[in-house]
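For reference, the chains in residue letters:
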Amino acid sequence: MKTGRFWAWVVFILGAAYFFIPLIATVEFSMRMRRGAYSFDAYQIVLGDARFQATFMYSVIAAIFTIILGVLVVVPAAYWIRLRLPQIRPVVEFITLLPLVIPAIVIVFGYIRMYGSNSPLPFLANDTATNALLVIGYATLALPYMYRAVDTGLRTIDVRTLTEAAQILGAGWGTIISRVILPNVLIAVLSGAFLTFAIVIGEFTMASLLNRPAFGPYLQNIGANRAYEPAALAIIAFAITWGCMSLIQILSRFAPKSANRPN
């Protein structure tokens, strides 16, 4: 028993070292911009950069619209599949996994081919339409995470009983989804939303090829032309991502436990 515990600690320490040593080294390097002393000059320069503020705000707004689109599509679809069409769940789960195996560059080149300036639908010639296509692309990339978060939340509630009770009281489908189902899976939806936010903030391929002023291309551009600022940006991006992960863990504590009822 003691030997097993010893090797468990050895593996844990090695894993922690593999994760934290590069992170500590990056933090240390990011603070060496001032010769002979540690400082936060690189962080001040990055945070004070107008391009950082503009690109980060653009990606935040894109993330908000992506989350809204994902909720509007995924929640009704997952609810209806669990309530009326459980036999097609394997097919839907397979479809939602496709963004994990189809690279983002394939999707964006499809956009360029279908909606370029020489196509019958030249949406990419308009900034608003291009932004809309980018949001749709982001929603596609986040689909596996959003769908599974919502589907897991639906498993914890008795969908059929709640629906029948709401129908007895005269509620329509829109009311059932918005005022009965959504509040009961809100924690799961928020988990999917934070994952979506983390994906959008760091995404590079779609935003770069569609020439959008997003945070991902800004990260790449700074990394190609500066020394200390990219390290500071990496730490900032890391903090944002892990902040989202921490919020998911906190919210999961308030999620209802599965009742294991057939739906």
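Residues numbered from 1 in each chain as written. Predicted model: local features only at pLDDT ≥ 70, side-chain atom pairs only at ≥ 80, totals over all residues. Heavy atoms only, no water.

By the naming in an unreviewed UniProt entry, the chain goes by Spermidine/putrescine ABC transporter permease and is assigned to Rhizobium loti. Quoted verbatim from the Sequence similarities (unreviewed entry) field of UniProt, the annotation for the chain is "Belongs to the binding-protein-dependent transport system permease family." (UniProt positions renumbered as here; feature names shortened; annotations may be inferred.)

Peer 1: Quick one: what's the story with the overall build of the chain, residue by residue and with numbers?
Peer 2: Of the regular secondary structure elements, the chain holds 12 helices and 0 strands. Its helices and strands taken in sequence order, the chain reads α-α-α-α-α-α-α-α-α-α-α-α from the N to the C terminus. Dimensions of the chain along its principal axes, counting C-alpha atoms only, are 75 × 70 × 30 Å. The 263 residues of the chain split such that 38% are buried. (Helix = DSSP H or I, 4+ residues; strand = E, 2+ residues; numbered from the N terminus. Buried < 20%, exposed > 50% of the residue type's maximum accessible area, 1.4 Å probe, protein only.)

Peer 1: Explain the environment of Thr66 residue by residue, including any values.
Peer 2: Looking at the secondary structure, you find Thr66 in helix 3 (residues 50–83). Exposure remark for Thr66: the relative accessible area of 1% places this residue in the buried category. Residues Thr66 and Pro144, spaced 78 residues apart in sequence, show a C-alpha to C-alpha distance of 14 Å. Setting aside residues up to four positions removed in sequence, Thr66 forms contacts with Val135, Tyr138, Ala139, Thr196 and Val200. (Contact = heavy atoms within 4.5 Å.)

Peer 1: Help me get a handle on the UniProt feature "domain: ABC transmembrane type-1" (unreviewed entry) in the chain, residues and values and all.
Peer 2: The UniProt feature table records "domain: ABC transmembrane type-1" (unreviewed entry) at residues 52–249. The span residues 52–249 is 82% helical and 0% strand by assignment, and the distance between its end C-alpha atoms comes to 28 Å.

Peer 1: Tell me about the packing of helix 3 against helix 7 (residues 159–168), and name the residues and values.
Peer 2: Each pair of packed helices can be summarised by the angle the axes make with each other and by the distance between the axes. Packing of helix 3 against helix 7 leaves a shortest axis separation of 10 Å and a crossing angle of 100°. Of the possible angle classes, the one that applies to helix 3 and helix 7 is roughly perpendicular. From helix 3, Tyr79, Arg82 and Leu83 reach across to helix 7, where they touch Val159, Arg160 and Thr163. Classifying every residue of the contact of helix 3 with helix 7 gives 3 nonpolar, 1 polar and 2 charged. (Axes fitted to C-alpha atoms, helices over the stretch in contact; angles between N-to-C directions. Parallel < 35°, antiparallel > 145°, perpendicular 65-115°, else oblique. Nonpolar A, V, L, I, M, F, W, Y, C, P; charged D, E, K, R; others polar.)

Peer 1: Talk me through the pattern of salt bridges; I want residue IDs and the actual numbers.
Peer 2: A side chain with one charge can pair with a side chain of the opposite charge if their charged atoms come near. For the structure shown, the criterion picks out 8 salt bridges. Close ionic contact of Asp41 with Arg34 constitutes a salt bridge, the shortest N to O distance being 2.9 Å. Since its relative accessible area comes to 44%, Arg34 is described here as partly exposed. Connected through shared salt-bridge partners, Arg82, Arg89, Glu93, Asp151 and Arg155 make up one network. (Salt bridge = Lys/Arg side-chain N within 4 Å of Asp/Glu carboxyl O.)

Peer 1: I'd like to hear about the nonpolar core, residue by residue, with values.
Peer 2: The biggest cluster of nonpolar side chains holds 58 residues, and the ones touching the most others in it are Tyr79, Tyr138, Val150, Leu154, Phe197 and Met206. It is helix 3 that provides the largest number of residues to this core, a total of 13 residues. If near-sequence neighbours (up to four positions away) are discounted, Tyr138 is found in contact with Ala62, Thr66, Val200, Glu203, Met206, Ala207 and Ala214. (Core = buried A, V, L, I, M, F, W, Y, C linked by side-chain atoms within 4.5 Å.)

Peer 1: Summarise the UniProt feature "transmembrane region" (unreviewed entry) in the chain; cite the residues concerned and give the values.
Peer 2: Per the UniProt entry, the sites bearing "transmembrane region" (unreviewed entry) are residues 7–25, 56–79, 91–112, 132–150, 185–210 and 230–251 in this numbering. In this annotation, residues 56–79 is assigned 100% helix and 0% strand; the end-to-end C-alpha distance for the span is 33 Å. Here residues 132–150 is 100% helix and 0% strand, with 24 Å between the C-alpha atoms at its ends.

Peer 1: Can you break down a nonpolar patch on the surface residue by residue, with the values?
Peer 2: A surface patch of nonpolar side chains, about 830 Å² in accessible area, is lined by Leu97, Leu100, Val101, Ile102, Ile105, Val106, Phe109, Ile112, Tyr145 and Leu209. Listing elements by their share of the nonpolar patch, those giving two or more residues are helix 4 (89–101) and helix 5 (104–115). Ranked by residues supplied to the nonpolar patch, first place goes to helix 5 with 4 residues. Mapped onto the secondary structure, Phe109 falls in helix 5. In this structure Phe109 comes out as partly exposed when scored by relative accessible area, which is 46%. (Patch = residues over 30% accessible without salt bridge, like charges linked within 9 Å, V, L, I, M, F, W, Y side chains within 5 Å. Areas by Shrake-Rupley, 256 points an atom, 1.4 Å probe, with all protein chains shown as cover.)

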